[in-house]
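Listed below, chain by chain, are the residues.
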Amino acid sequence: MNFRLSEDEAALKAEVRRFCEAEITLERLRKVEFPTGIGFDPSLWKELSEMGVFGLRQPEAAGGAGLGLASAVLVFVELGRRLAPGPTIATHLASGLGADFSQSAAEGKSIVGSVEVPLSASEPLLIEYLEQLNVLLTLRPDGIYRLDPKSLSAEACVPLDPLTPVYELAKLPAGERIAGADRAQTWRLEASVLAAAELVGIAEATLELALQYSKTREQFGRPIGSFQALKHMMSDMLIRKEVARAAVYAAGATFDDPQAGDFARAAKAARITAIDAAMKNARACIQIYGGMGYTWEAAPHYYLKRAFVLDRSFA
Amino acid sequence: MEFGWSENERSYRNQLREFLAAELPGNWNEMSKDGPGSDAQAAFSQAFCGKLAARGWLTPHWPKEYGGHDAPAWQHAILSEEMWAHGEPRGPQYMNVNWLGPTLMRYGSDEQKRFHLARISRGDVLWCQGFSEPNAGSDLASLSTRAERVGDSYAVNGQKVWTSYCKNAEFCFLLVRTDKIETRHKGITVLLVPMNTPGIEVREIDTVLGDRYFHEVFFTDVRVPVSARLGAENDGWGIAMYALQYERIGLPRYARSARTLELIVADAKSNGRVIDGAFKEKLVAARAMCEAARILYYRVIDQRAHNQPPTADSNVARLALTAADRAVGDLALELGGPAALLYGSLGDGNFRAAMPAGVATGTSEINANLVAQRWLGLPREA
Ligand SMILES: Cc1cc2nc3c(=O)[nH]c(=O)nc-3n(C[C@H](O)[C@H](O)[C@H](O)COP(=O)(O)OP(=O)(O)OC[C@H]3O[C@@H](n4cnc5c(N)ncnc54)[C@H](O)[C@@H]3O)c2cc1C
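Nothing here was measured: the structure is a model prediction, and the numbers come from that model.

S.K.: Would you take a moment to explain the overall build of chain A for this structure?
M.R.: Tallying secondary structure elements over chain A gives ten helices and nine strands in all. Here the C-alpha atoms of chain A give a radius of gyration of 19 Å, agreeing with the 20 Å that 2.2 N^0.38 yields for 315 residues. Put simply, chain A has 315 residues, and 57% of those count as buried. Residue pairs in contact within chain A that sit at least 24 positions apart in sequence constitute 71% of those at least 6 positions apart. Total accessible area computed for chain A in this model is approximately 13,300 Å², and 55% of it derives from carbon and sulfur atoms. Side-chain charges of chain A comprise 34 positive and 39 negative groups, with the mean position of each set lying 5 Å from the other.

The structure is reproduced here in structure tokens:
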């Protein structure tokens, strides 16, 4: 047992945080808001690739960093904390699907999306980031299939989350099967842990925003953070965030070391605690912002909306 | 105790439903997706409220002399339920009936009552509420928009914010400071200000709720005749509190929530979505919350019908309304299938309608503080 991050892990986390804080700003994201913008930032994506986010777990020989899921979750918490745009999770996981994937990830050219099928026949067929992708993967009960997104015709929708572009497809062809049912199943679990990591990032960011706001906004001649109602709200936010962070780290470590426990269970625990933390913290943050929380200009709503999207993804 | 509706009340509700079915256009869902303040809804409300008025349904519970029919307060509760449940075709005019009317009736001069109540009960006037300021939200008594007496008018300077439905409004129910800021609630006055008065500038605030939802309003040397003052100078706080009591328990939010639950279950079934045990439990709990909110709301209406002064019951009811609304808003998203995450869907629409209930017209924390003080008798936080 060792509950502390190793030196390398701490350094990785700090480096990614530094990058994300400098490069992924709300001003930058706002410029690409969908559907007025494309909901995606190609130059930022390239920078994320160069940082090694997508090849992180690939062998060094294949241009990766040779790290485990425990390190990957540290990175994805940071991405969630800054609302990193793009299909980060699918692209990261796809690098493990073979040489051409890891190669193009290493070259910064990989933009891979994924969608779970079959969907109900009567529901609209919605695919995130479709027009930006160079590969679309479909996860089916019997495996993973590959499709060329350029061969699909789709229409842009107006999504609830302006930072996650959504397109509606008329029809989804079968595609080429590139992995079997077992691979699809681990993909789902790993993806759900990475989504949980992003959700922890959301829980953390919204607590930080709430704290900052409540220390500066004054009513009744004092900072609103001095009212016990708000103090307790924020203590609860901290507790939820810490519970989820512990569960997400544990899931990452369990994947890397199967001796440590049952990964499927750890993944579910991560997911359940993280979605709870992200949703409730984002809502609490909006509540603490008062009227300001309902403005487009303030950051909290973007986090709540991203949490809704992640709640649906890889569930 | 008597929980049933009379024959009259039941038939009134049925007539309202038939009326709505006939009057709401085929594209109503699309039209109402931006909420009551949108241009489309504000415009629609003018003709629609006129039709309600012509049938005597817009202000049925008002005294005859003000354009009403002396009906019991319950008629208005039924009207509000049906309207809000169906996306509020009265647009921003729901506020007129909910709190402006009662406040004007209680505090208005004869001339003000004659003029404003007639307009409201005819259904062709839009109002907005100018209370909140950038530095005076929960702490409303610290408001600083100044009104200086100059001859027989006031010169108003300052700024309001979060003013709902303001772009299309003809009048503003405005709180101004007429004494030193240190006098707090003792130096506040109400003015009824035509929005076309020179010196008023309205800017829309981009919001997550829908178009034209709320605004900032700037007042630069705006001249308002003293005759437009409601009540005496520096007596505005009591008037504002009276208005807020009506506003807080104005919209029967549970009615929309309860209807939403039916719609989302129908939608889920028709799309073959699985409603498993966990979902059923949430649905049942949310339905129970709507029902509890309804009863608590009725308790406040009953107090009003018996001319009793308002109590912390209205704060409790407000908190229950908020909780029910939010539980249903969440479920609408969760159970709404993939399309729920698109703008204007059933899930999104209800989420947006439910979201601000815990902040608008006073936050949940402030309501809870009032319950602690008024009902539980606990001391104020230092
Ligand atoms: C959709 C919507 C429509 C609105 N429409 C109108 C309108 O038409 N006209 C109008 O005048 N106003 C309107 N408002 C404004 C609304 O009344 C205020 O937003 C509300 O009173 C809170 O004020 P604030 O936004 O300044 O938040 P703040 O007062 O700054 O509150 C921020 C946070 O601090 C908490 N807080 C503050 N004081 C205390 C305390 N003593 N104890 C515990 N917690 C505390 C609050 O609960 C909140 O969580 C609207 C608001 C919304 C969201």
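Once you've had a look at it, read on.
S.K.: Just checking my understanding: could you explain the site of the ligand for this structure?
M.R.: Arg217 and Gly291 of chain A together with Ser138, Thr363 and Glu365 of chain B are the nearest of the 30 residues found near the ligand. Mapping the residues adjacent to the ligand onto the chains of the assembly identifies chains A and B. Gln287 of chain A has a polar backbone atom sitting 2.8 Å from an oxygen atom of the ligand. Glu365 of chain B is positioned with one of its side-chain polar atoms (N or O) 2.7 Å from an oxygen atom of the ligand. In isolation the ligand exposes 970 Å². Once the protein is present, 95% of that is buried. Those elements giving two or more residues to the shell around the ligand turn out to be helix 9 (263–289) of chain A together with strand 3 (153–164) and helix 12 (364–374) of chain B. Across the shell around the ligand, the residue classes tally to 15 nonpolar, 13 polar and two charged. Counting contributing residues per domain, the shell around the ligand is built from domain 2 (129–235) and domain 3 (249–375) of chain B, each supplying no fewer than three.

S.K.: Teacher, can you tell me more about the environment of Asp34 of chain B here?
M.R.: Residue and element names in this part refer to chain B. With respect to the helices and strands, the residue Asp34 is situated in the loop between helix 2 (28–31) and helix 3 (39–54). The residues contacting Asp34, other than those within four sequence positions of it, are Leu209, Gly210, Asp211, Tyr343 and Arg352. Looking at Asp34, its side chain comes within polar contact range of the side chain of Tyr343, at 2.3 Å.

S.K.: Where do I start with the domain arrangement of chain B in this structure?
M.R.: By a widespread convention, an interface's size corresponds to the accessible area lost as its parts come together. Residue and element names in this part refer to chain B. As far as domains go, chain B holds domain 1 (7–125), domain 2 (129–235) and domain 3 (249–375). Just the C-alpha atoms count here: the centres of domain 1 and domain 2 sit 25 Å apart. With both sides pooled, the region where domain 1 packs onto domain 2 buries about 1,500 Å², and carbon together with sulfur makes up 62% of that total. The largest contributions to the domain 1 side of the interface with domain 2 come from Asp34, Trp99 and Gln112, which together make up 29% of the buried area. Counting the contacts that link domain 1 with domain 2 gives one salt bridge. Note that Arg119 is salt-bridged to Glu170, the shortest N-O span being 2.9 Å. For the pair domain 1 and domain 2, the number of links is five residue pairs in polar contact (both at pLDDT 80 or more). For the side of domain 1 that touches domain 2, the secondary-structure elements that each account for two or more residues are helix 3, helix 5 (94–107) and helix 6 (110–122). It is helix 5 that contributes the most residues to the side of domain 1 that touches domain 2, seven residues altogether.

S.K.: What should I look at first to understand the sheet that holds strand 2 (residues 125–128) of chain A in this one?
M.R.: Within a beta sheet, neighbouring strands are joined by backbone hydrogen bonds and run either parallel or antiparallel to one another. Residues and elements named next belong to chain A. A sheet is described by the order of its strands in space; here three strands give the open sequence 2-6-5, paired in antiparallel fashion. Because the sheet does not close on itself, it has two edges, and the strands there are strand 2 and strand 5 (154–156). Strand-to-strand twist across the sheet, computed as the mean angle between neighbouring axes with direction ignored, equals 35°. As defined by bridge partners, strand 5 adjoins strand 6 (residues 166–169) across three bridges and the pair is classed as antiparallel. Paired with Glu155 across the strands is Glu168, a residue of strand 6.

S.K.: Help me out: how do you make sense of the interface of chain A and chain B in this one?
M.R.: Contact residues are listed per partner, giving 36 residues for chain A and 41 residues for chain B. Buried area between chain A and chain B, summed over both chains or domains, comes out near 3,000 Å², and the portion from carbon and sulfur atoms is 59%. Area buried by chain A at its contact with chain B is led by Leu160, Tyr294 and Arg312 of chain A, which between them contribute 24% of it. At the junction of chain A with chain B, the criterion picks out three salt bridges. When the shortest N-O distance is used, the salt bridge between Arg222 of chain A and Glu381 of chain B registers 4.0 Å. Inspection of the region where chain A meets chain B yields 21 residue pairs in polar contact (both at pLDDT 80 or more). At the level of secondary structure, the elements contributing two or more residues to the side of chain A that touches chain B comprise helix 8 (228–256), helix 9 and helix 10 (300–312) of chain A. Per element, the largest residue contribution to the side of chain A that touches chain B is six residues, and it comes from helix 10 of chain A.

S.K.: Is there a simple way to explain the packing of helix 1 (residues 7–23) of chain A against helix 3 (residues 42–51) of chain A in this structure?
M.R.: Two numbers describe a pair of packed helices, the interaxial angle and the distance between the axes. Residue and element names in this part refer to chain A. Orientation of helix 1 relative to helix 3, taken along the N-to-C sense of each, is 170°, at an axis distance of 12 Å. When the interaxial angle is binned, helix 1 and helix 3 end up roughly antiparallel. Seen from helix 1, the contacting residues are Glu15, Val16, Phe19 and Glu23; seen from helix 3, they are Leu44, Glu47, Leu48 and Met51. Taken together, the residues of the contact of helix 1 with helix 3 break down into five nonpolar, no polar and three charged.

S.K.: Please clarify how the pattern of salt bridges should be interpreted in this entry.
M.R.: Once their charged atoms are close, side chains differing in charge can pair, the charge on each being opposite to the other. Scanning the model with the defined rule gives 47 salt bridges over all chains in all. Of the charged contacts, one joins Arg245 of chain A and Glu242 of chain A as a salt bridge, the two residues approaching to 2.9 Å between their closest N and O atoms. Of the two residues, Arg245 of chain A and Glu242 of chain A are both situated in helix 8; the distance of three residues between them amounts to about one turn of the helix. The class of Glu242 of chain A is partly exposed, set by a relative accessible area of 29%. Residue Arg114 of chain B pairs with Glu111 of chain B through a salt bridge whose shortest N-O separation is 3.1 Å. Of this pair, Arg114 of chain B and Glu111 of chain B both sit in helix 6, three residues apart, which is roughly one turn of the helix. A single salt-bridge network, built from bridges that share partners, covers Arg17, Glu21, Glu78, Arg81, Glu204 and Glu208 of chain A.

Conventions we followed
Residues numbered from 1 in each chain as written. Chains lettered and ligands numbered in written order. Predicted model: local features only at pLDDT ≥ 70, side-chain atom pairs only at ≥ 80, totals over all residues. Heavy atoms only, no water. Helix = DSSP H or I, 4+ residues; strand = E, 2+ residues; numbered from the N terminus. Rg over C-alpha atoms; globule rule 2.2 N^0.38 Å. Buried < 20%, exposed > 50% of the residue type's maximum accessible area, 1.4 Å probe, protein only. Contact = heavy atoms within 4.5 Å. Areas by Shrake-Rupley, 256 points an atom, 1.4 Å probe, with all protein chains shown as cover. Lys, Arg positive; Asp, Glu negative; His and termini not counted. Charge placed at Lys NZ, Arg CZ, Asp CG, Glu CD. Near = heavy atom within 4 Å. Polar contact = N/O pair within 3.5 Å; in protein donor to acceptor, adjacent residues only side chain to side chain. Nonpolar A, V, L, I, M, F, W, Y, C, P; charged D, E, K, R; others polar. Domains from an automatic or database assignment. Buried area = accessible area lost by both parts, 1.4 Å probe. Salt bridge = Lys/Arg side-chain N within 4 Å of Asp/Glu carboxyl O. Pairing = 2+ DSSP bridges. Axes fitted to C-alpha atoms, helices over the stretch in contact; angles between N-to-C directions. Parallel < 35°, antiparallel > 145°, perpendicular 65-115°, else oblique.

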